[in-house]
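The residues making up each chain are set out below.
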Amino acid sequence: MIDAKFSWYGNFYGIAWRTHTGNPIAVPLFVKQDESQKIADIVKTWKPKDIHLTFIEKDDGNYAICIYQEADSGENIGLYRSGMSQTGTYGKIKQMIEKKSSMWNPLRAYIQIVYAADPVDSKTYQNMTDYIIIGRLEIISEAALKSKKFAIEKDAHTTLGGYDEEDTTDEN
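Since the structure is predicted, the reported quantities are computational estimates derived from the model, not experimental observations.

With that out of the way, let us pick up the pattern of salt bridges. Any two side chains of opposite charge can pair, on the condition that their charged atoms come close. Tallied over the entire structure, the rule returns 6 salt bridges. Residue Lys58 pairs with Asp60 through a salt bridge whose shortest N-O separation is 3.7 Å. Using a relative accessible area of 25% as the deciding quantity, one classes Lys58 as partly exposed. Residues Glu153 and Arg136 are paired through a salt bridge, measuring 2.8 Å at the closest nitrogen-oxygen approach. Of this pair, Glu153 sits in helix 3 (residues 151–159) while Arg136 sits in strand 11 (residues 136–141), and the two are 17 residues apart along the sequence. Each member of the salt-bridge network shares a partner with another, and the members are Arg136, Glu138, Lys149 and Glu153.

See below:
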């Protein structure tokens, strides 16, 4: 993936969480319908086996989420959001991931792009994509960004300025 270049998109409201048959769904929430449609159209073309979802945990109790499709070359769009709390719903999702990944039935994780006219009111949510299964799910520490394995996540983290909590809102 040496030739791949990424444009990181971090201008979305936050992450909501859902579950489907006991498996987690990370839901990037967009409050601008045209942006949500643009990202949904891109994500719909991604090949599930090449989609990566990485949670980057920081020592201060926050985390970032990085979603992208692994590609060999070309211009790629990735989603990156930081400054969200590891407590609450994320903590429950993390436990689900850790518990299920050790069972015989393998964990399946999904993403779904959603437009939210009012992010506080889930009744206003409009699904822009169906559930899209992801090929690789990992929970890492911020220190792991030094590894070559996480070079793309490090690029997102560096490009969007790491953890700028002033520009973020919390998860639902």
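Moving on, we get to the nonpolar core. Within the largest apolar cluster, 28 residues are counted, with the highest numbers of intra-cluster contacts made by Trp17, Phe55, Ile65, Ile67, Leu79, Ile111 and Ile113. Breaking this core down by element, the ones donating at least two residues are strand 2 (14–20), strand 3 (23–30), helix 1 (33–43), strand 4 (51–57), strand 5 (62–69), strand 6 (75–85) and helix 2 (89–100). Not counting chain neighbours up to four residues away, the residues in contact with Phe55 comprise Trp17, Tyr63, Ala64, Ile65, Tyr90, Ile97, Leu137, Glu138, Ile139 and Ile140. With 13 residues, the next largest nonpolar core counts Trp8, Tyr68, Ala144 and Phe150 among its residues.

For the structure shown, the criterion picks out 11 aromatic pairs. A centroid spacing of 5.6 Å and a plane angle of 40° characterise the contact between Trp17 and Phe55, whose relative ring orientation is tilted. With Trp17 in strand 2 and Phe55 in strand 4, this pair connects stretches of sequence that are 38 residues apart. Given the relative accessible area of 13%, Trp17 is considered buried. On the numbers, 6.2 Å between centres and 65° between planes, the contact of Phe55 with Tyr63 is edge-to-face. Residue Phe55 shares its accessibility class with Tyr63, and that shared class is buried. One aromatic cluster is present, built from ring pairs that chain together Trp17, Phe55, Tyr63 and Tyr90. The ring of Phe12 has Arg81 sitting right over it, with the charged end atom 5.9 Å from the ring centre.

Rules behind the numbers
- Residues numbered from 1 in each chain as written.
- Predicted model: local features only at pLDDT ≥ 70, side-chain atom pairs only at ≥ 80, totals over all residues.
- Heavy atoms only, no water.
- Salt bridge = Lys/Arg side-chain N within 4 Å of Asp/Glu carboxyl O.
- Buried < 20%, exposed > 50% of the residue type's maximum accessible area, 1.4 Å probe, protein only.
- Helix = DSSP H or I, 4+ residues; strand = E, 2+ residues; numbered from the N terminus.
- Core = buried A, V, L, I, M, F, W, Y, C linked by side-chain atoms within 4.5 Å.
- Contact = heavy atoms within 4.5 Å.
- Phe/Tyr/Trp six-rings, centres within 6.5 Å; stacked < 30°, edge-to-face > 60°.
- Lys NZ or Arg CZ within 6 Å of the ring centre and 35° of its normal.

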